[in-house]
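# Structure at a glance
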Amino acid sequence: MTARTPSDRSSDSSSQPELPTASLPVPAPAAGTARPGAGKATAKKGKKPARRKAPPAQAAPPAPAQSAAPAAAPTAPRPRGQRGGGRRVRAARPLGTGDRERLLSGAHHDPHGLLGAHPVKDGVLFRTLRPYARAVTVVAEELEVRAELNDDGDGFFSGVLPLRAVPAYTLRVRYSDAAQELNELEVRDPYGFLPALGDLDLHLIGEGRHEELWKALGARIMTHQGVSGTRFTVWAPNAQGVRIAGDFNYWDGTSLPMRSLGSTGVWELFVPGIGEGTLYKFDITRPDGSHTLRADPMARRTEVPPATASVVTESHHVWHDAEWMAHRADRPVHESPFSVYEVHLPSWRPGLTYRQLASQLPAYVKDLGFTHVELMPIAEHPFGGSWGYQVTGYYAPTSRMGTPDDFRYLVDSLHRAGIGVLVDWVPAHFPKDDWALARFDGRPLYEHADPQRAEHPDWGTLEFDYGRTEVRNFLVANAVYWCEEFHVDGLRVDAVASMLYLDYSREEGQWTPNEHGGRENPDAVAFLQEMNATVYRRCPGAVTIAEESTAWNGVTRATHDVGPDGYGGLGFGLKWNMGWMHDSLDYVSKEPVHRKYHHGEMTFSMVYAYSENYVLPISHDEVVHGKRALVSKMPGDWWQQRANERAYLGFMWAHPGKQLLFMGQEFAQGAEWSEGHGPDWWLLDPSYAAEPDHRGVRDLVRDLNAVYGATPALWQRDTVPEGFAWVDGDAGEDNVFAFLRFDADGSPLLAVSHFSPVVRHEYRLGVPEEFAAWTEVLNTDAARYGGGDVLNADPLKPESVAAHGRPVSVQLTLPPLATVWLRPV
């Protein structure tokens with residue numbers, strides 16, 4: 001897919017007007033017109049060079065909306081060799097055939113050495129490449145110089161002026177308008193500027209250590225040598241040449257070749273007058289001489305898909321979350337309440353922009369008591385059905401819902417509501433779209449050169465080459481970028497297991513062992529360690545969360561702490577507990593009469609609960625593609641299904657680990673989630689007969705979060721064994737799980753989950769003897785949640801009857817399919 005011209009490209013949902021930036025217009029060639037540079041120059045000794053034929057009337061450029069210098073009124077062309085300011089324009093020595101052809105074909109590494117203004121023996125040589133121009137005049141107001149350059153054919157104009165030094169100058173470029181009258185535009189010459197990227201930036205890029213890479217590469221609006229414009233930079237080490245094409249030059253990059261900056265593989269060009277809202281891509285000449293038009297890998301804004309151009313942008317957002325940012329690191333995440341509401345933004349309320357979401361999402365999440373949201377998809381991606389897991393714009397928030405500043409506004413609003421923001425981040429793989437990262441400069445660049453390590457077998461995508469320093473830098477800096485530029489509080493890193501293992505989803509013979517003969521990917525390990533260490537060092541209070549589905553040792557261990565496998569820890573803050581999720585969902589999906597045979601599936605998680613710092617995820621992956629919504633996984637009739645879900649949520653919120661719940665599950669949506677329409681909000685419409693059933697589950701989630709946040713025993717010691725003790729983990733015949741949670745001071749909470757559809761009276765449980773009475777603080781069978789209202793209304797006083805290894809015990813009533821929480825009076 002190629003970028004669209006301004007007349008047919010999709011409009012985005014920006015809340016700010018797009019600024020026009022046509023400062024370097026070049027008329028579009030008519031159908032059948034040869035591309036500039038398609039033929040060799042026709043000038044011979046003693047013969048005047050052929051003048052480029054003027055473009056047809058309908059292709060004349062509009063007057064520019066902004067430029068580095070004001071346009072002059074149309075004037076008649078001066079005859080060749082006419083004096084300008086008292087100085088005669090002399091013919092310049094012709095370009096060599098090789099240089100000329102390389103400039104025209106976009107394969108020159110040093111256009112600044114040939115274009116622009118350069119001192120020569122008898123003056124200053126001026127040369128420019130302006131396809132379809134009728135004439136080009138050099139204007140140096142301070143020296144009163146106004147001299148028309150000679151037309152050398154193929155868009156080249158040159159001449160030597162008898163000046164002692166290069167002056168400050170502009171170029172007046174004349175084209176034909178619809179009436180065949182001359183249309184003159186005045187612009188600054190891009191080839192009159194020194195490089196706008198410093199040596200330190202280039203050194204850090206070469207070392208793969210530029211932690212603010214987005215400030216060095218991509219399109220950056222700036223004032224350079226006193227002139228406003230945009231610096232374009234791109235890493236393309238295999239390219240023969242790179243040019244800039246955009247809506248300001250009719251997507252013909254002939255006039256804007258970039259220069260190569262040494263051995264770093266970085267190409268650079270400062271273009272005066274280009275400003276915010278400009279569309280652009282890089283026209284890359286591959287090693288074989290063919291061309292490819294590519295979106296900027298570092299673009300910080302993109303067109304709305306399916307359009308694919310990059311957009312020049314800068315932030316104007318003023319943050320109002322200083323208090324949040326100042327205090328988010330006050331307490332470690334693993335010792336804090338951490339309850340996450342996962343949101344697919346485009347479908348949570350379909351059609352809303354980032355700013356419209358900011359007026360609804362924070363209030364909804366705050367009302368339910370979640371401490372964080374996890375947002376997907378955020379980074380730009382071409383296919384909405386991928387849910388953002390096939391990224392083409394790693395540095396650009398998806399433009400489907402607004403501009404980058406609109407996304408900043410949403411994050412700001414969530415912070416001001418006291419809600420942390422996590423985003424899904426996908427450094428494991430990227431799609432093969434031929435306008436994006438795949439074979440970016442004609443050879444494998446971001447992907448591994450070995451086909452066995454480049455292709456991802458499951459998703460039809462490419463895997464990053466983590467052993468290449470520049471690629472690792474691209475990803476590490478990207479993690480920092482989201483945390484620093486958008487104030488996000490954490491990254492949930494997708495598909496970590498596919499990065500760690502060379503044989504992931506590969507059969508024998510489809511993968512090559514590492515240098516030690518193992519299946520581990522040491523390059524990926526080093527990358528993840530560097531990413532985590534960098535984020536935690538630069539972004540206090542941020543957290544990284546691994547979606548890692550294997551038993552890799554040390555996912556949340558410190559990077560310097562070497563384990564028995566010889567690798568240091570990966571350095572994540574938290575890890576999704578995929579084992580708990582699969583086992584517990586398998587258990588609750590069974591009919592109660594069969595659950596006793598699967599009792600161990602609910603208790604096994606405590607065998608390894610403290611091997612990592614865990615999140616308990618009921619995510620989008622568990623409620624799509626035939627897996628059914630959470631309530632629909634439950635057996636029995638509608639009442640039993642809701643009761644099972646309520647009991648399960650009570651068990652989940654009390655279990656060691658942090659909580660994550662995907663949208664729609666908080667009100668027992670029965671249908672699977674679909675990105676096409678999002679949650680079934682109509683279930684909460686008071687006019688719907690079953691609305692109380694769904695509202696009751698949502699009220700339970702609100703109360704779970706409220707009690708959870710106010711009870712340190714449920715989160716303060718999540719990651720140490722001292723925070724948990726079984727009361728009875730072997731009551732398989734009763735389908736009962738009873739355990740204690742303790743805070744740092746030893747204050748307990750007793751959680752009892754009962755997964756049978758019967759009432760059990762006078763159910764005895766051993767409890768700590770130092771407490772005089774226990775009172776019920778939450779019961780998922782309460783009538784307000786849609787339950788049968790079987791409660792323990794009065795405080796329970798311990799009796800001197802030994803039970804479960806304790807000298808005292810209490811007798812309580814267990815409601816059917818319910819979880820009960822009690823704490824000391």
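Preceding this paragraph is the structure being described.
For clarity, every value in this text was computed on a predicted model and none was experimentally measured. (Residues numbered from 1 in each chain as written. Predicted model: local features only at pLDDT ≥ 70, side-chain atom pairs only at ≥ 80, totals over all residues. Heavy atoms only, no water.)

Spatially, the 4 strands line up as an open sheet ordered β9-β10-β13-β12, and their pairing is antiparallel. If you trace the sheet from one side to the other, it starts and ends with β9 (218-224) and β12 (259-260), each paired once. As paired elements, β12 and strand β13 (residues 266-272) share 2 bridges and run antiparallel to each other. In the strand pairing of β13, Ser260 is matched with Trp267. (Pairing = 2+ DSSP bridges. Helix = DSSP H or I, 4+ residues; strand = E, 2+ residues; numbered from the N terminus.)

Attention now moves to the pattern of salt bridges. For side chains of opposite charge, pairing can occur when their charged atoms come near one another. Tallied over the entire structure, the rule returns 44 salt bridges. Note that Arg538 and Glu211 form a salt bridge whose closest N and O atoms lie 3.1 Å from each other. With Arg538 in helix α11 (residues 522-538) and Glu211 in the loop between α2 (199-207) and β9, the pair connects residues that are 327 residues apart, well separated along the chain. Taking the relative accessible area as the measure of exposure, Arg538 reaches 24% and is therefore partly exposed. Residues Glu484 and Arg538 are paired through a salt bridge, measuring 2.8 Å at the closest nitrogen-oxygen approach. Taken together, the residues Glu484 in helix α9 (residues 469-485) and Arg538 in helix α11 connect sequence positions 54 residues apart. Residue classification places Glu484 among the partly exposed residues on the basis of a relative accessible area of 25%. Put simply, Glu211, Glu212, Lys215, Glu484, Arg537 and Arg538 are held in one network by salt bridges that share partners. (Salt bridge = Lys/Arg side-chain N within 4 Å of Asp/Glu carboxyl O. Buried < 20%, exposed > 50% of the residue type's maximum accessible area, 1.4 Å probe, protein only.)

Since the α-helix turns once every 3.6 residues, residues separated by three or four places project in the same direction. Taking 1.5 Å per residue, 17 residues should reach 24 Å; α11 reaches 24 Å between its end C-alpha atoms and fits that length. Buried residues of α11: Ala524, Val525, Phe527, Leu528, Gln529, Glu530, Met531, Asn532, Thr534 and Val535, and no others. Elements that come into contact with the buried residues of α11 comprise β21 (420-425), α9, β25 (490-493), α10 (496-500) and β26 (543-546). For α11, the capping residue at the N-terminal end is Asn521, with a side-chain oxygen 3.1 Å from the backbone nitrogen of Asp523. (Expected span 1.5 Å × (residues − 1). Contact = heavy atoms within 4.5 Å. Polar contact = N/O pair within 3.5 Å; in protein donor to acceptor, adjacent residues only side chain to side chain.)

With that settled, the discussion passes to the side chain of Glu276. In this structure, Glu276 sits in the loop between β13 and β14 (279-285). In this structure Glu276 is buried but unpaired, with Arg301 as the nearest side chain of opposite charge at 5.2 Å. At 2.9 Å, the side chain of Glu276 and the side chain of His316 are in polar contact. (Lys, Arg positive; Asp, Glu negative; His and termini not counted.)

We now examine the packing of helix α12 (residues 578-588) against helix α14 (residues 638-654). Packed helices, taken two at a time, are described by the angle their axes make and the gap between the axes. Packing of α12 against α14 leaves a shortest axis separation of 11 Å and a crossing angle of 150°. With respect to α14, the element α12 is oriented roughly antiparallel. For α12 against α14, the interelement crossing comes out right-handed. Counting all contacts with α12, which are made through Trp580, Ser584, Leu585 and Val588, the residues of α14 involved are Tyr648, Phe651 and Met652. Of the residues in the contact of α12 with α14, the class split is 6 nonpolar, 1 polar and no charged. (Axes fitted to C-alpha atoms, helices over the stretch in contact; angles between N-to-C directions. Parallel < 35°, antiparallel > 145°, perpendicular 65-115°, else oblique. Left-handed = near helix turned anticlockwise from the far one by under 90°. Nonpolar A, V, L, I, M, F, W, Y, C, P; charged D, E, K, R; others polar.)

A few words now on the packing of aromatic side chains. Tallied over the entire structure, the rule returns 48 aromatic pairs. With 5.1 Å between their ring centres and 85° between their planes, Phe126 and Tyr169 make a pair best called edge-to-face. Taken together, the positions of Phe126 in strand β2 (residues 123-129) and Tyr169 in the loop between β6 (156-161) and β7 (170-176) put the pair 43 residues apart, joining distant regions of the chain. Judged by its relative accessible area of 2%, Phe126 falls in the buried class. Classification of Tyr169 as buried rests on a relative accessible area of 7%. Both rings, one in Phe667 and one in Trp681, keep their centres 5.3 Å apart while their planes meet at 35°; by these two values the pair is tilted. Note that Phe667 is positioned in the loop between β29 (658-662) and α15 (691-709) and Trp681 in the loop between β29 and α15, a separation of 14 residues in sequence. (Phe/Tyr/Trp six-rings, centres within 6.5 Å; stacked < 30°, edge-to-face > 60°.)

It is a general feature of regular strands that their side chains alternate between the two faces of the sheet. Taking burial as the measure, the 6 residues of β6 include 6 buried ones, the bulk of the element. Neither face of β6 is left uncovered, since the one carrying Phe156, Ser158 and Val160 and the one carrying Phe157, Gly159 and Leu161 both have all their residues buried. Note that β2 and β6 share 6 bridges and pair antiparallel. Following the sheet pairing, Val124 is matched in β6 by Leu161. Alignment of strand β5 (residues 150-153) against β6, held across 3 bridges, turns out to be antiparallel. Bridging from a neighbouring strand, Asp151 pairs with Phe157 of β6. A loop of 2 residues connects β5 with β6, the two strands running antiparallel in sequence, and Asp154 in this loop sits at a positive phi of about 60°.

Right, let's talk about the state of the cysteines for a bit. Tallied over the entire structure, the rule returns 0 disulfides. With no disulfide of its own, Cys483 lies closest to Cys539 among cysteine sulfurs, the gap being 4.4 Å. A relative accessible area of 2% means that Cys483 is categorised as buried. Residue class for Cys539 comes out buried when judged on its relative accessible area of 2%. (Disulfide = S-S within 2.5 Å.)

Among the residues of helix α1 (residues 97-105), Arg100, Leu103 and Leu104 are the ones counted as buried. Buried residues in α1, looked at end-on, bunch into an arc of 95°, giving them a common side. Looking at the buried positions of α1, the neighbouring elements they touch are β2, β5, β6 and β11 (241-246). Within two residues after α1, Gly106 carries a phi angle of roughly 75°, on the positive side. (Arc of directions from axis to C-beta.)

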